[in-house]
Amino acid sequence: MTAQPHDFVPGETPLPEKNLRAIRAALTIPQDREAFDAGLKAVLDEVRVSLDLGALNAFVHRWWISACDSVRDPEGRRQMHERAAHVLAGGPRSEGKPWREILAARGIDA
């Protein structure tokens, strides 16, 4: 018997490594790559000034989660960006529940 990571599922696309190059490569949606590039520039500027790698570590972790989502559900990521663009353009949300209600149902106090 061999040990496998707890989230390994045979036949499923493996998750990206938790480094900047692998994360960016896993981002299949152009809006994600653009946001990643802009955010990386900003966080590196912040690190240069503060000399604190905490901001970079948080950036890597946040984008690794998005990269994992992109690998597992690229169509869902595309639809998320479409819905966000629609809402930002002033269109109504397609789901009728307010965010506070959704978060409250999940036990999150907003």
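Please read all numbers here as calculations on a predicted model, not as lab measurements. (Residues numbered from 1 in each chain as written. Predicted model: local features only at pLDDT ≥ 70, side-chain atom pairs only at ≥ 80, totals over all residues. Heavy atoms only, no water.)

With that out of the way, let us pick up the overall build of the protein chain. When helices and strands are counted, the protein chain shows 5 helices and 0 strands. Secondary structure elements of the protein chain, listed N to C terminal, follow the sequence α-α-α-α-α. When contacts within the protein chain are restricted to residue pairs at least 6 apart in sequence, those whose partners lie at least 24 apart make up 55%. Entry remark: accessible area of the protein chain is about 8,300 Å², with carbon and sulfur atoms responsible for 59%. (Helix = DSSP H or I, 4+ residues; strand = E, 2+ residues; numbered from the N terminus. Contact = heavy atoms within 4.5 Å. Areas by Shrake-Rupley, 256 points an atom, 1.4 Å probe, with all protein chains shown as cover.)

Before going further, it helps to spend a moment on the packing of aromatic side chains. Enumeration over the complete set of coordinates arrives at 3 aromatic pairs. Ring geometry for Phe36 against Trp63: centres 5.7 Å apart, planes inclined by 90°, an arrangement best described as edge-to-face. In this pair, Phe36 sits in helix H2 (residues 30-50) while Trp63 sits in helix H3 (residues 54-72), placing the two residues 27 residues apart along the sequence. Judged by its relative accessible area of 1%, Phe36 is buried. Of the residues examined, Trp63 reaches a relative accessible area of 6% and is grouped as buried. Taking 6.3 Å as the distance between ring centres and 50° as the angle between the ring planes, the aromatic pair formed by Phe59 and Trp63 counts as tilted. A residue pair is termed a helical-turn pair when its members lie 3 or 4 positions apart in one helix, as Phe59 and Trp63 do in helix H3 at 4 residues. Residue classification places Phe59 among the buried positions, given a relative accessible area of 10%. These aromatic residues form a ring-pair network of at least three members: Phe36, Phe59 and Trp63. The positively charged end of Arg62 is found above the aromatic ring belonging to Trp63, 4.1 Å away from the centroid. (Phe/Tyr/Trp six-rings, centres within 6.5 Å; stacked < 30°, edge-to-face > 60°. Buried < 20%, exposed > 50% of the residue type's maximum accessible area, 1.4 Å probe, protein only. Lys NZ or Arg CZ within 6 Å of the ring centre and 35° of its normal.)

This part takes up H2. Over its 21 residues, H2 extends 30 Å from the first C-alpha to the last, a length consistent with the 30 Å expected when each residue adds 1.5 Å. Listed as buried for H2 are Asp32, Phe36, Leu40, Val43 and Val47. Looking down the long axis of H2, one finds its buried residues gathered within 80° of arc, a one-sided arrangement. Along H2, the residues that are exposed and aim more than 90 degrees away from the buried face are Glu34, Lys41, Arg48 and Val49. Where H2 terminates, the next one or two residues include Leu51, which has phi positive at roughly 55°. (Expected span 1.5 Å × (residues − 1). Arc of directions from axis to C-beta.)

Counting residues in each nonpolar core, the largest one holds 13 residues, and the members touching the most others are Ile23, Phe36, Leu40, Val43, Leu56, Phe59 and Trp63. Of all the elements, H3 adds the most residues to this core, at 6 residues. (Core = buried A, V, L, I, M, F, W, Y, C linked by side-chain atoms within 4.5 Å.)

Next up on the list: the pattern of salt bridges. For the structure shown, the criterion picks out 7 salt bridges. Residue Arg77 is joined to Asp69 by a salt bridge in which the shortest nitrogen-to-oxygen separation is 3.2 Å. What makes Arg77 buried here is its relative accessible area of 7%. On the basis of relative accessible area, Asp69 is assigned to the partly exposed category, the value being 34%. Residues Arg78 and Glu75 are paired through a salt bridge, measuring 2.2 Å at the closest nitrogen-oxygen approach. A residue pair is termed a helical-turn pair when its members lie 3 or 4 positions apart in one helix, as Arg78 and Glu75 do in helix H4 (residues 74-88) at 3 residues. With a relative accessible area of 31%, Arg78 lands in the partly exposed category. Residues participating in the shared-partner salt-bridge network are Asp32, Asp69 and Arg77. (Salt bridge = Lys/Arg side-chain N within 4 Å of Asp/Glu carboxyl O.)

From the geometry alone we can't say anything about function, so treat these as descriptive.
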